[in-house]
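Residues per chain are reported as follows:
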Amino acid sequence: MMNDKDRKVHSPTTAEMIQEVAKQLEEVPKEERRDFLKRGVAFSVGAAAAMSGAISSSAKAGEFKPDPENLPPHVPKWGKSWGRDVNTYPYGMPSKYEANVVRRIVPWLTADQKASVSFTPWQDLEGTIVPNGLHFVRCHGGVVDINPLEWRLMIHGLVERPVILTLEDLKRYPSVTKKYFFSCPANSAMEARGPGLNSLQVTHGMLSASEYTGVLVKTILEDIGLKPEAKWMFSEGSDPAGVGRSVPIEKVLDDAMLVYAMNGEALRPENGYPVRLLLPGWEGVIQTKWLRRLKFDDKSWWVREETTKYTELLPDGHAKMYNWVFESDSVITSPCPERGWEGRKPGPTKLAGIAWSGKGKIEKVDVTLDGGKTWHEATITSEKLPKMITRFEFYFDWDGKPLIIGSRSTDETGYTQPEQQQLLDARGTEFIYHRNAIQYWEVKANGEVNNVQIRRA
């Protein structure tokens, strides 16, 4: 009898998951979706009700009520007695007051939670690095645990000296440490047909950023020798789904890495422990986890994940393959649906957000308060690193009236993030992946924030 461990793995693609989302949203009662016309611009509000029972809300102010005895001029209670032992938690844990800062899932998005996704809570994060425990996770066959003493990497094909490396062998090579963002090509894909779920964590939670440590693939190839006729590399994982992808040799010899550490510690199992492939600025599905094999050849492999899946149907009926690199993108993280301005008084106010591009550095970010009629340049508040999250802020005096806010980024190539209608005009209505349209939030006078899209009349 087949048990859960031995069962045949069915791995729905992200496109199949998105189609299920669209089907679910069609079933949402009309009264729970709002469409309104204003000054010649149509705004569609995402169905907040579709979130019911699916995603827990982040902790709201007031969930932990302050004790007046702990406020000035009193001496707080925590200062009147000993605290806990310094090594109560040998592996440090967040404060109990941050217990709601977690990855979240949409239970009805997939048939099970093995071939599924969990989302990063950008609404609760600061800076540019995502803690390992909050890095988004997308698996096709569940998370596997590999004994590092049993891990092997076979490198063969069009190389001068085929090798099988242990983890110890890999770590003997010169290492590099770099900071990069990491994203699924379906990040924001739920918005392709219109406003989806009323949540920043869902719209942009298939995105994270980390400091990675590992070995450049070209360093190993310089050691074992790459034959001149090699034009492609095939990377294969050892998970039950056996996910593999073809990678052009130009990317391999540029910045491809074999990563064994993330943010200063070993990779987590859900991120590919003990070793994964990293291709900075490219879609996550090609960056193989639980890596077991690299094969070099003069042609690509045309495997499932790059032919019938993870392709883009164009208006002329052709399908676009090998759509790897992410273009300039951004989103306002404060305010957002999970972190609105309820109870905020008019006056000096700050918008904050993140921007990223797989083609290099972010040069500037503009924000709008009126749905894209006028734009204002924001202030970059973090380092400008290539293929990495960049933070921005914008300060203004809020008069307490409703706003339609959004951000658009421009990278060092001069490319500027487009409107949704521009994407539809260029790519048709069947695209799912690599959606980087401007994300708009509606801020109501009471501070409530909703997911909206703008279609120019």
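Only a predicted model underlies this, so the values are computations on that prediction, with no experimental measurement involved. (Residues numbered from 1 in each chain as written. Predicted model: local features only at pLDDT ≥ 70, side-chain atom pairs only at ≥ 80, totals over all residues. Heavy atoms only, no water.)

An account of helix α6 (residues 420-427) is needed here, citing residue identities and associated values.
Every buried residue belonging to α6 is among Gln 420, Leu 423, Leu 424 and Arg 427, and all of these are buried. Here the buried residues of α6 occupy an arc of 100° about the axis, which is enough to place them on one side. The outward face of α6, more than 90 degrees from its buried face, is lined by the exposed residues Asp 425 and Ala 426. Buried positions along α6 lie against β15 (312-313) and β25 (449-456). Positive backbone phi, approximately 80°, marks Gly 428, located one or two places after α6. (Buried < 20%, exposed > 50% of the residue type's maximum accessible area, 1.4 Å probe, protein only. Helix = DSSP H or I, 4+ residues; strand = E, 2+ residues; numbered from the N terminus. Arc of directions from axis to C-beta. Contact = heavy atoms within 4.5 Å.)

Mind laying out helix α4 (residues 217-224), listing which residues take part and the relevant values?
For α4, every residue scored as buried is listed here: Val 217, Ile 220, Leu 221 and Ile 224. For α4, the buried positions fall inside an angular range of 100° around the axis, keeping them on one side.

Now, about the environment of Thr 219: what can you tell me, with residues and values included?
With respect to the helices and strands, Thr 219 occurs in helix α4. Sequence spacing of Thr 219 and Ser 175 is 44 residues, and the spatial spacing of their C-alpha atoms is 9.1 Å. Dropping the residues within four chain positions of it, Thr 219 is found in contact with Tyr 173 and Pro 174.

I'd like to hear about the side chain of Asn 132, residue by residue, with values.
Here Asn 132 is to be found in the loop between β3 (117-118) and β4 (137-138). A distance of 3.0 Å separates the side chain of Asn 132 from the backbone oxygen of Met 262, its partner in a polar contact. A distance of 2.7 Å separates the side chain of Asn 132 from the side chain of Glu 265, its partner in a polar contact. When near neighbours in sequence (up to four residues on either side) are disregarded, Asn 132 contacts Arg 103, Met 262, Asn 263, Glu 265, Arg 268 and Asn 271. (Polar contact = N/O pair within 3.5 Å; in protein donor to acceptor, adjacent residues only side chain to side chain.)

I'd like a description of the nonpolar core, backed by residues and values.
By size, the foremost hydrophobic cluster in this structure holds 39 residues, and its most contacted members are Ile 155, Ile 220, Leu 258, Leu 277 and Phe 296. Those elements giving two or more residues to this core turn out to be β5 (153-157), β6 (163-165), α2 (167-171), α4, β9 (232-237), α5 (249-252), β11 (257-262) and β14 (291-297). Counting residues per element, this core draws most heavily on α4, which supplies four residues. Of all hydrophobic cores here, the second largest spans 34 residues; its members include Cys 336, Ile 389, Leu 403 and Ile 405. (Core = buried A, V, L, I, M, F, W, Y, C linked by side-chain atoms within 4.5 Å.)

Could you give an account of the pairing of β11, naming the residues involved and the relevant values?
Judged by how many residues are buried, β11 sits mostly within the fold: six of six residues are covered. With five bridges joining them, strand β8 (residues 207-216) and β11 adopt antiparallel strand pairing. If you follow Thr 213 over to β11, its bridge partner there is Ala 261. Relative to strand β13 (residues 276-278), β11 runs antiparallel, the two being bridged by three bridges. (Pairing = 2+ DSSP bridges.)

Talk me through unusual backbone geometry; I want residue IDs and the actual numbers.
The linkage connecting Tyr 273 with the following residue, Pro 274, adopts the cis geometry, with an omega of 10°. Take Pro 274: it is sitting in the loop between β12 (265-266) and β13. Phi angles above zero are rare outside glycine, and Lys 387 is one such case at about 60°. Among the structural elements, Lys 387 can be located in the loop between β21 (379-380) and β22 (390-398). Judged by its relative accessible area of 15%, Lys 387 falls in the buried class. At His 434, a position not held by glycine, the phi torsion is positive, near 60°. With respect to the helices and strands, the residue His 434 is situated in the loop between α6 and β24 (440-443). Accessibility expressed as a relative area gives 10% for His 434, which makes it buried.

Function cannot be inferred from these measures alone, as they are strictly geometric.
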